[in-house]
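Breakdown of the fold
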Amino acid sequence: MSLSTLGSGSLILDIETVPDRDLWSPPAVDGSGAPTERDRPFPPLYACRPIVIGLIWLDDGLSCRRIGILGEDKPEADAMADLADFVARVKPLIVTWNGRSFDLPVLALRALRHGVDFSWYYRGIGYRYRFSEDGHLDLGDVISDFGAARMTSLDGAARLIGLPGKLGIDGSQVEGLFQAGEMDALRRYCLSDVAQTAFVLLRYRLVTRDISLDTYRRAAEGLLEALRADGRFGPLLEGIDRQTLLLPHARERPAPTRPTTASAPSPEPAREDRTEGTAGPDGSPSPPAPGATELPEETPPDLLPELPPEPFPES
């Protein structure tokens, strides 16, 4: 069973960014002329520079094929070129959380800056169309009914299904960690978000019944094993509530049966003689047989009393 209508598997993606100081500087918010970390405004999308691109690639059977950082230790343009080459060649379903509003627009703008081939995004089928899951599945957007409800955070959605959510780092700390040279911490933070998005994807596939409960458990267990083998997910694995994540006590409800071919119409039941007797020699009806129930000559088709129309409320 293929869950991607484009090509091979699902590519769960998340990026971490810092402000591009060549394009934008934050306004001063205190007397010293420098913003504090808490008050520092978020830059516009064109000035968000990707520093980490985290990925998990699941095959069509939802088994984990690869976990990693794309273009690690490469210049930004080269890392983006690696992403473009992979997506154009493999054509996976891209899965994000809020990626339609942030991750993919940021990458598209940075492709514009560097002149990177981004034809997979602009000319590929389905990647830019919001109301389809053919090319890009933004789980946050879909679960919020495309903006009809307020989008929950990945942290909230993760904790909802037994995951720990954010683990001591949030987006407001990314720039400070980058300036301090803590790239390993940033990569682990990004991969933790990618992994939790992957588990939300599996649960989404379950509740939409794209997959069965048994398939969900097998895929979730397989992803847990892949994270353990990777070695970069210790805090995440320690914070998982396995009962909530794996649903060990849930039971699959039988699917309703549906006819596959048109069935022949049922024969019309034989009409009962309403008089329960036969005509006598003079043409008058004979009395009913012993034990038979005598029915009225005419039965009203609607036995419910006629109700008066409900008046409209006065204005």
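Below: a short report on this structure. Just so it is clear, the model here is predicted, and its values are computed rather than measured. Position labels on residues start from 1 in each chain and follow its written sequence. pLDDT decides what is reported in this predicted model: residues at 70 or higher carry local features, side-chain atom pairs at 80 or more are listed and counted, and totals for whole chains, interfaces and linings draw on all residues regardless. As a rule here, side-chain values come from all non-hydrogen atoms in the structure, and water together with hydrogens is ignored.

Looking at unusual backbone geometry
- Its identity is not glycine, yet Asp 73 carries a phi of approximately 65°, on the positive side.
- Secondary structure is summarised from DSSP: a helix means a run of H or I of at least four residues, a strand means a run of E of at least two, and numbering begins at the N terminus for each. Counting through the fold element by element, Asp 73 comes out in the loop between strand S3 (64-69) and helix H1 (76-90).
- Unusually for a residue other than glycine, Arg 209 sits at a positive phi of about 60°.
- The residue Arg 209 is located in the loop between helix H7 (183-207) and helix H8 (213-230) in this model.

Comments concerning the environment of Lys 166
- Summarising the element assignment, Lys 166 is placed in the loop between helix H5 (154-160) and helix H6 (174-179).
- Only protein chains enter the calculation, and the probe is 1.4 Å; a residue is then buried if its accessible area is under 20% of its type maximum, exposed if over 50%, and partly exposed in between. Using a relative accessible area of 30% as the deciding quantity, one classes Lys 166 as partly exposed.
- The spacing of Lys 166 and Asp 155 is eleven residues in sequence and 5.7 Å in space, taken between C-alpha atoms.
- The term polar contact refers here to a pair of N or O atoms within 3.5 Å; inside protein, the definition further demands a hydrogen-donor-capable atom paired with an acceptor-capable atom, and it admits residues adjacent in sequence only when both atoms are side-chain atoms. Among the polar contacts listed, one links the side chain of Lys 166 to the side chain of Tyr 189, at a separation of 3.1 Å.

Considering the packing of aromatic side chains
- Classification of ring pairs uses Phe, Tyr and Trp, with its six-membered ring standing for Trp, and accepts pairs whose centres are within 6.5 Å; under 30 degrees between planes counts as stacked, over 60 as edge-to-face, and the remaining range as tilted. Applying the stated criterion across every chain yields a total of nine aromatic pairs.
- On the numbers, 4.9 Å between centres and 65° between planes, the contact of Phe 131 with Phe 146 is edge-to-face. Pair noted here: Phe 131 is in the loop between helix H3 (119-122) and strand S5 (136-138) and Phe 146 is in the loop between helix H4 (139-143) and H5, with a separation of 15 residues, a long-range link.
- Taking the relative accessible area as the measure of exposure, Phe 146 reaches 30% and is therefore partly exposed.
- Aromatic rings pair up to connect Phe 118, Trp 120, Tyr 121, Tyr 122 and Tyr 127 into one cluster.
- The ring centre of Trp 57 lies 4.1 Å from the NZ or CZ of Arg 65, which sits over that ring. Charge-over-ring placement is defined geometrically: NZ (Lys) or CZ (Arg) within 6 Å of the ring centre, and within 35 degrees of the ring normal.

Thoughts on the pairing of strand S1 (residues 10-19)
- Of all ten residues that make up S1, ten are buried, and the element is covered over most of its length.
- Here, strands pair whenever DSSP counts at least two bridges between them. Where S1 and strand S2 (residues 48-58) come together, ten bridges link them in antiparallel fashion. Residue pairing across strands places Ser 10 opposite Leu 58, the latter belonging to S2.
- In terms of strand pairing, S1 meets strand S4 (residues 93-96) through three bridges, oriented parallel. Along S4, the bridge assignment pairs Ser 10 with Leu 93.

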